[in-house]
Amino acid sequence: MKSAEHRTGCHGDAVAAVDAPGGQVTQPHKQQLLKRLNRIEGQVRGIAKMIEEDRYCVDILTQVSAIRSALDAAALQILEDHTRGCVQTAVRKGSGDAAIAELMDLVRRFVK
């Protein structure tokens, strides 16, 4: 593993430590995201219970749709934080082309 590079302001005023591409970064909305993901986890357990109880298919699919929306909202928050933090910092430091290419790959994954 490479030694950690410290960057100030990768996510706003937060100090981020990056071990390598795909390394660790301090998330500025960590607690909000964790709460949202915990709710999603509960919704998934609820769907499993609905299936065990042989509930109506439309009700199950409605819950699946709600989970997808919640996951999309979490992903968009992370994407926004990444853009406003890591990508912005990379642009300022002169390595914006690579960061923008990575960002566009991410966006392409989401629009499929």
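These figures come from a predicted structure and were not determined experimentally.

S.K.: Summarise the confidence of the model for the protein chain; cite the residues concerned and give the values.
M.R.: Mean pLDDT over the protein chain works out to 84, with 79% of the residues at or above the 70 mark. Element-level mean pLDDT values for the protein chain span from 40 in strand β2 (residues 14–18) up to 97 in helix α1 (residues 30–52). Scored below 50 in pLDDT, residues 1–9 shows 21 contacts in the model against residues more than four places distant or in partner chains. Per-residue pLDDT stays below 50 along residues 13–20; that stretch engages in 27 contacts with residues further than four places along the chain or on separate chains.

S.K.: Account for unusual backbone geometry, with residues named and values stated.
M.R.: Phi is positive for Asp 54, close to 55 degrees, though the residue is something other than glycine. Turning to its location among the elements, Asp 54 is positioned in the loop between α1 and α2 (57–92). A relative accessible area of 69% means that Asp 54 is categorised as exposed.

S.K.: Would you mind going over the pattern of salt bridges in detail, with residue names and values included?
M.R.: If you walk through the whole model with that rule in mind, you get 5 salt bridges. The salt bridge partner of Glu 41 is Arg 45, with a shortest N-O separation of 3.5 Å. Within this pair, Glu 41 and its partner Arg 45 are both found in helix α1, separated by 4 residues, close to a single helical turn. For Glu 41, a relative accessible area of 43% puts it in the partly exposed group. The exposure class of Arg 45 is exposed, given its relative accessible area of 52%. Between Lys 49 and Glu 53 there is a salt bridge, with its nearest N and O atoms 4.0 Å apart. Of the residues examined, Lys 49 reaches a relative accessible area of 49% and is grouped as partly exposed.

So, how was this worked out
Residues numbered from 1 in each chain as written. Predicted model: local features only at pLDDT ≥ 70, side-chain atom pairs only at ≥ 80, totals over all residues. Heavy atoms only, no water. pLDDT = per-residue confidence, 0-100. Helix = DSSP H or I, 4+ residues; strand = E, 2+ residues; numbered from the N terminus. Contact = heavy atoms within 4.5 Å. Buried < 20%, exposed > 50% of the residue type's maximum accessible area, 1.4 Å probe, protein only. Salt bridge = Lys/Arg side-chain N within 4 Å of Asp/Glu carboxyl O.

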